[in-house]
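Structural description and commentary
Letter by letter, the chains look like this.
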Amino acid sequence: MASDNEIAVRRFYQALTTGDPALVDEALAAGWETFPALRTGSGPEGWKGTIAHLRGAFSDLTTEIEDVVESGDRVAVRAVTRAKHTGELLGVEGAGDEVEFRSADFHQMVDGRIVRTWHLEDYFGIARQIGLEFTRGA
């Protein structure tokens, strides 16, 4: 049986897949912080903004949790997100190409809600999959 902490963490990712903002409110504490900071703002409203942005750039977006490890007030998650790049992302218009990217997160919990998240995502892999080219400067 899943703990209250694991249930909250699963809602965090389910909100990304479904776009349901109520799940964000169930998962995150009002003063939630994330590292690195989101460009869409802080707290639950910032995560809702990020979800809207990603769901605008990617259709058929799903996030699958591959591992959950819980220890004390921390929950670690390894996940994979799959989608079609159909909107603008990083200045690149979507062409309907399939993308897949992985992430690892460490969530700090208080009273069954996420209060802090440390996030690591394969941004370079995303950029390459959507067609960004990297060259060395002169």
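Residues numbered from 1 in each chain as written. Predicted model: local features only at pLDDT ≥ 70, side-chain atom pairs only at ≥ 80, totals over all residues. Heavy atoms only, no water.

**Side note on the pairing of strand S3 (residues 74-85)**
Spelled out, the test is: Should DSSP find at least two bridges between two strands, the strands are regarded as paired. Numbered from the N terminus, helices here are DSSP runs of H or I no shorter than four residues, and strands are runs of E no shorter than two.
Across eleven bridges, the pairing between strand S2 (residues 58-71) and S3 is antiparallel. The residue bridging Thr62 from the neighbouring strand is Arg82, located in S3. Joining the antiparallel neighbours S2 and S3 is a turn of two residues, in which Gly72 adopts a positive phi near 60 degrees. Pairing of S3 with strand S4 (residues 97-110) involves twelve bridges; the strand directions are antiparallel. Paired with Ala76 across the two strands is Phe106, which belongs to S4.

**Points about the side chain of Gln108**
As a reminder, the rule being used: Only protein chains enter the calculation, and the probe is 1.4 Å; a residue is then buried if its accessible area is under 20% of its type maximum, exposed if over 50%, and partly exposed in between. We call two N or O atoms a polar contact when they sit within 3.5 Å, provided that within protein one can donate a hydrogen and the other can accept it, with sequence-adjacent residues counted only if both atoms are side-chain atoms. Contacts were defined at the residue level, with two residues in contact if any of their heavy atoms lie within 4.5 Å.
Within the fold, Gln108 resides in strand S4. The class for Gln108 is buried, based on a relative accessible area of 13%. Polar side-chain contacts of Gln108 include one of 3.2 Å to the side chain of Asp73. Reaching out from Gln108, the side chain makes a polar contact with the side chain of Arg116 at a distance of 2.6 Å. Every residue in contact with Gln108, bar those within four places of it in the chain, is listed here: Asp73, Arg74, Arg113, Ile114, Val115, Arg116 and Trp118.

**Observations concerning the packing of aromatic side chains**
Formally: Pairing of aromatic rings covers Phe, Tyr and Trp, the last through its six-membered ring, and needs centres within 6.5 Å; plane angles under 30 degrees mean stacked, over 60 mean edge-to-face, and all others mean tilted.
Applying the stated criterion across every chain, the model contains six aromatic pairs. With centroids separated by 6.2 Å and ring planes inclined at 20 degrees, the aromatic side chains of Phe35 and Trp118 adopt a geometry described as stacked. Of this pair, Phe35 sits in strand S1 (residues 28-35) while Trp118 sits in strand S5 (residues 113-121); the two residues are 83 residues apart in sequence, bridging distant segments of the chain. These aromatic residues form a ring-pair network of at least three members: Phe12, Tyr13, Trp32 and Trp47.

**A short note on the environment of Ala37**
Following the sequence through the fold, Ala37 ends up in the loop between S1 and helix H3 (43-57). The exposed category is assigned to Ala37, whose relative accessible area is 65%.

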